[in-house]
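Overview (structure and organization)
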Amino acid sequence: MRLRHIKGAEEEIAESPYVVQDPQSLKGKWHEFFGNDNPIRIEVGMGKGQFIIEMARRNPEVNYIGIEKYSSVLVRAVEKLEDFEQDNLRLIRMDAENIEEVFDKDEVDRIYLNFSDPWPKDRHAKRRLTSTRFLERYDNILTPEGRVMFKTDNKDLFDFSLEQVEEARWILENHTYDLHHSEYNEGNVMTEYEEKFSAKGNPICRLVAYRHAK
């Protein structure tokens, strides 16, 4: 993915009170950081932040953390927070591969994956955020009742993800190939991509998965 560099993005991110600059130092301490025992839910690959900001607004009793790899994308989320007045949302610029360095065992209640990069070439399959490699990472940070929720308009990626859930021996709680016309759409918060794709008539796929009890 090639992204246009936005001048001043790094500086704006560094100065934002909503961006955690040293997230590794908070591993195992996120509840202490937020100052409460509310559930912690993260979005991996949060893009420009529309989904997670709206989720935080709607659910002040939940702590949210958005993760984004690219400064030129993350800065757009930072800009959206100018009128945000709650204290239940923080952002991190990092690669998802390092997620276990930032969150400890049983620290995360839910993981949202929205319109993740499909990495269409077979040799890049392990980079997909729903691959068994990533499910193993999520396994190491989710609470026993934790859930992974994945949305995409890419049917091939969705089929791959369903296969990976089974291969990883996770449990598929529910899934749909047309979220907006299903029973699971109530309360759904759309991302920027979701609005764009659904406006074109593209059906949105969604799954919810959790682990076998240990």
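Structure shown above.
Residues numbered from 1 in each chain as written. Predicted model: local features only at pLDDT ≥ 70, side-chain atom pairs only at ≥ 80, totals over all residues. Heavy atoms only, no water.

1. A short note on the overall build of the protein
For the protein, the helix and strand inventory stands at seven helices and seven strands. Secondary structure elements in the protein, listed N-terminal to C-terminal, are α-α-β-α-β-α-β-β-α-β-α-β-α-β. Its C-alpha atoms give the protein a radius of gyration of 17 Å, within 12% of the compact-globule value 17 Å for 214 residues. Here the protein, with 214 residues, has 47% of them falling under the buried criterion. (Helix = DSSP H or I, 4+ residues; strand = E, 2+ residues; numbered from the N terminus. Rg over C-alpha atoms; globule rule 2.2 N^0.38 Å. Buried < 20%, exposed > 50% of the residue type's maximum accessible area, 1.4 Å probe, protein only.)

2. Details of helix 4 (residues 71-80)
Most of helix 4 sits inside the fold, with seven of its 10 residues counted as buried. Those residues of helix 4 that sit buried are Ser 71, Ser 72, Val 73, Leu 74, Val 75, Ala 77 and Val 78.

3. Observations concerning the sheet that holds strand 1 (residues 40-44)
Pairing is mixed across the open sheet formed by seven strands, whose spatial order is 3-2-1-4-5-7-6. Two strands lie at the open edges of the sheet, namely strand 3 (89-93) and strand 6 (170-176), each paired on one side alone. Neighbour-to-neighbour, the strand axes of the sheet open up by a mean angle of 20 degrees, direction not taken into account. When strand 2 (residues 63-68) meets strand 3, the two strands line up parallel, connected through five bridges. Note on strand 3: the bridge partner recorded for Ile 67 is Ile 92. (Pairing = 2+ DSSP bridges. Axes fitted to C-alpha atoms, helices over the stretch in contact; angles between N-to-C directions.)

4. Digging into the environment of Thr 152
Along the chain, the position of Thr 152 falls in strand 5 (residues 142-152). The class for Thr 152 is buried, based on a relative accessible area of 2%. For the pair Thr 152 and Tyr 177, spaced 25 residues apart in sequence, the C-alpha separation works out to 9.3 Å. Those residues in contact with Thr 152 that lie beyond four places of it in its chain are Phe 115, Leu 157, Phe 158, Pro 203, Ile 204 and Cys 205. (Contact = heavy atoms within 4.5 Å.)

5. A short note on the pattern of salt bridges
Per the counting criterion, the structure on display carries 11 salt bridges. With its nearest N and O atoms 2.8 Å apart, the salt bridge here joins Glu 173 to Arg 147. Placement of the pair is Glu 173 in strand 6 and Arg 147 in strand 5, with a sequence separation of 26 residues. Accessibility expressed as a relative area gives 39% for Glu 173, which makes it partly exposed. (Salt bridge = Lys/Arg side-chain N within 4 Å of Asp/Glu carboxyl O.)

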